[in-house]
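Architecture at a glance
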Amino acid sequence: MSTTAEHSTRLERVHDNPTSNARIRERIAITTEAARRAGSYIANAPHRPIAPTADAVEALDVFRRPLQDGPIPAREVLAELDAFGSPATVVQNHGRFFGFVNGGVEPAAAGAAILATAWDQNTGLAVTSPAAALLDEVAADWILDLLQMPQGAVATFTSGATLANFTGIVAARDALLARAGWDVHEQGIFGAPAIRVIVGDEVHASALKSLRMAGFGPGQVERVPTDETGAVIASEFPTDTDALTLVLLQAGNVNTGASDPFAQIIPGIRERVGWVHVDGAFGLWAAASPARRSLVEGVQLADSWATDAHKWLNAPYDSGVIIVRKDEDLRRAMRIEAPYLKTDEARPLIHLTPHMSQRARGVETWALLAALGKNGVADLVDRTSDHAAAFAALLVAGGAELLAPVVLNQALIAFGDDSTTDAVIAGVQAEGTMWAGGSFWHGRKAMRISVSDAATTPDDVAASASAVLKVWEEVRAPKRA
């Protein structure tokens, strides 16, 4: 066995190479320069409009050029990227971006992302990165604990909730068919017993996309009516489900934040040996808050769950989470076999998601959870939900209309007729104080306000509400004239 001194000597010989040393020095210099520019971007972002200016977007055309023959120094490439790319970004992580349920970034996660990029780890197998594999496992276990998931459930990271939904749906499909004596791994899905698929009327588009990718077309999907908040009406849910039934429920309607009545629906489905998958891209995190846990009561009774770390949890993009009640159901669907991939590892990630090569997403989530703790995550959920309610109250006090109760971090607002609401949304986006997008709710155009950034403060809410009301006044002024 070699000594530490001998090992160190060998490393010195390996790295005592002028070319190798030059590349290392260049990498250190570029990484340091990138960090400096990133710091400057963060410092300056609060002083510019949330959306980029038209001139900044137009200037992006500088990147549209033929690829040159020779190299360009890395420092020059980075400078160009910063000079033209940075001004054309949308400021999503300084507290005033309220669009698309896009989260900001917790500082610990942002720092971990920089370090993990320097590590440059492929986490498909633990042998390629023991550190990343362990951090993925720990972060996943912490999430299971936070969400009070059933004992024995397994979780890991994907590129987002869409792929997490897909993973859960494929696990469900293969498990249901296996119980019926059909092995998808060997026989495929053509000719397999038919699976009945049931969703709520307010099912998210990403869940429908995931169903389609798993082989279930829109024409095969049964829809159950929803109430005024977008939650499934339990009394309307079919009671004749069976062992070949896949049900998709929702934690957190993308417009209202409302969740389906899990405790009333899931027990019957499971008694009849069906499978329940929950799309909880952001709403599932209500389970981490003692104050709001009742909003998703019974969600833990399901068989699989999809959520995002890059939304409400404020991990960097991209980071989704798939959770499955039984490890064997996930591995049945996701396993991959090749002589060079044989492993006796207890938790090889290549057998848990569709990914083979994959970045170390768990590192960032581990860092933010380590920094926040259980109380910090609960506070994040509660604080941003309170901000959404306060935002809505300020707009209603100014004369706007709230289209659905605020139950989590989403608020739906109308400013009169559809054309006026559209004009206010466009005006707010152009004005620059804050950013919110549009939606359509029960026949009405609406501004959808999603408070998902941990950086949002009461001052941000007050300034943003004031800006919205001012724009609305400007939109109405010509009509009065």
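Let us look at the structure shown here.

Cut-offs and rules
- Residues numbered from 1 in each chain as written.
- Predicted model: local features only at pLDDT ≥ 70, side-chain atom pairs only at ≥ 80, totals over all residues.
- Heavy atoms only, no water.
- Pairing = 2+ DSSP bridges.
- Helix = DSSP H or I, 4+ residues; strand = E, 2+ residues; numbered from the N terminus.
- Axes fitted to C-alpha atoms, helices over the stretch in contact; angles between N-to-C directions.
- Contact = heavy atoms within 4.5 Å.
- Core = buried A, V, L, I, M, F, W, Y, C linked by side-chain atoms within 4.5 Å.
- Buried < 20%, exposed > 50% of the residue type's maximum accessible area, 1.4 Å probe, protein only.
- Phe/Tyr/Trp six-rings, centres within 6.5 Å; stacked < 30°, edge-to-face > 60°.
- Lys NZ or Arg CZ within 6 Å of the ring centre and 35° of its normal.
- Expected span 1.5 Å × (residues − 1).
- Arc of directions from axis to C-beta.

1. Regarding the sheet that holds strand E6 (residues 304–308)
Here we have seven strands laid out as an open sheet, ordered E1-E7-E6-E5-E4-E2-E3, and mixed in their pairing. Each edge of the open sheet carries a strand with a single partner, namely strand E1 (154–158) and strand E3 (221–224). Strand-to-strand twist across the sheet, computed as the mean angle between neighbouring axes with direction ignored, equals 20 degrees. Pairing of E1 with strand E7 (residues 320–324), which is carried by five bridges, proceeds in the antiparallel orientation. Bridged to Phe 157 within E7 is Val 321. Each of strand E2 (196–200), E3, strand E4 (245–250) and strand E5 (275–279) is contacted by helix H9 (residues 205–213), which is oriented at about 160 degrees to E4, the strand it contacts most.

2. A closer look at the nonpolar core
Counting 46 residues, the largest nonpolar core has Leu 147, Phe 237, Trp 285 and Ile 323 as the members making the most contacts within it. Looking at this core element by element, the count peaks at five residues for helix H6 (residues 130–146). Residues contacting Trp 285, with those up to four places away along its chain left out, are Ile 143, Leu 146, Leu 147, Thr 307, Asp 308, Trp 312, Leu 313 and Val 381.

3. Notes on the packing of aromatic side chains
Two aromatic rings are characterised by how far apart their centres lie and by the angle between their planes. One pass over the full model with this rule turns up seven aromatic pairs. On the basis of an interplanar angle of 65 degrees and a centroid distance of 5.3 Å, the ring pair of Phe 415 and Trp 472 is categorised as edge-to-face. Of this pair, Phe 415 sits in the loop between strand E9 (410–414) and helix H13 (418–431) while Trp 472 sits in helix H14 (residues 458–480); the two residues are 57 residues apart in sequence, bridging distant segments of the chain. Pair check on accessibility: Phe 415 and Trp 472 agree, each one buried. Cluster of aromatic residues (ring-pair linked, three or more members): Phe 97, Phe 100 and Trp 435. Lying over the aromatic face of Trp 472, Arg 476 brings its terminal NZ or CZ to 3.8 Å of the ring centre.

4. Things to note about helix H5 (residues 107–119)
Here H5 contains 13 residues, and its C-alpha end-to-end distance of 19 Å stays within 8% of the 18 Å for a straight helix at 1.5 Å per residue. Within the span of H5, buried status applies to Ala 109, Ala 112, Ala 113 and Ala 116. What you see down the axis of H5 is that its buried residues fit within an arc of 110 degrees, all on one side. For H5, the exposed residues set more than 90 degrees away from the buried face come down to Pro 107 and Ile 114. Those residues of H5 that are buried are in contact with helix H12 (361–397).

The values are spatial; any link to function lies outside them.
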